[in-house]
Amino acid sequence: MTTPDELEQQHTLSTATTRYDDLRMRDALAAMTQDEGNTPLTREESLELLALSEVVIRKAGYGRQAMVRSARGAGASWNQIGAALGTSKQAAWEAHNRWIEDQARQHELTGYEGFDPDQASEARGLAGSPD
């Protein structure tokens, strides 16, 4: 079975999304037109589709927080960031700080992924308080 962790190493956000869309479209067409010879996804393909959905969520989430960090670096307030995300400044700040802590934990576990202690400290400083 293919896991999200395995697929995450093989795909960029773009390639994961493309493969996800291809499988999803095949699955939808097979459900709508079974009598026209469109075959449903195999069990393995269905599980790959499910795992790919998790990969897309992970990669998009990482990209989202990287853009939050970029916006803070460009001088955006948490109020502005919250508005851009369709949430409150407090919720945006809390989500970003959870992400920073997750990145620090990831580095502690692997020794190379995520934020090392200096990067985590820098990210916390840039995040500041929720204005």
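In case you missed it, the structure is sitting above this.
A few points on the structure.

Calculation rules
- Residues numbered from 1 in each chain as written.
- Predicted model: local features only at pLDDT ≥ 70, side-chain atom pairs only at ≥ 80, totals over all residues.
- Heavy atoms only, no water.
- Helix = DSSP H or I, 4+ residues; strand = E, 2+ residues; numbered from the N terminus.
- Contact = heavy atoms within 4.5 Å.
- Phe/Tyr/Trp six-rings, centres within 6.5 Å; stacked < 30°, edge-to-face > 60°.
- Buried < 20%, exposed > 50% of the residue type's maximum accessible area, 1.4 Å probe, protein only.

### Quick look at the side chain of His96
With respect to the helices, strands and loops of the structure, His96 is situated in helix H5 (residues 89–110). His96 has contacts with Gln65, Val68, Arg69, Trp78 and Ala127, leaving out every residue within four places of it along the chain.

### So, the packing of aromatic side chains
Here the distance between the centres and the angle between the planes together describe a pair of aromatic rings. Evaluated as defined, the whole model comprises two aromatic pairs. Where Trp99 meets Phe115, the ring centres are 5.3 Å apart and the plane angle is 85°; that geometry is what we call edge-to-face. Linking Trp99 in helix H5 with Phe115 in the loop between H5 and helix H6 (117–127), this pair joins segments that are 16 residues apart in sequence. The buried category is assigned to Trp99, whose relative accessible area is 9%. Take Phe115: its relative accessible area is 7%, and that puts it in the buried class. Following the ring pairs from residue to residue traces out a cluster consisting of Tyr62, Trp99 and Phe115.

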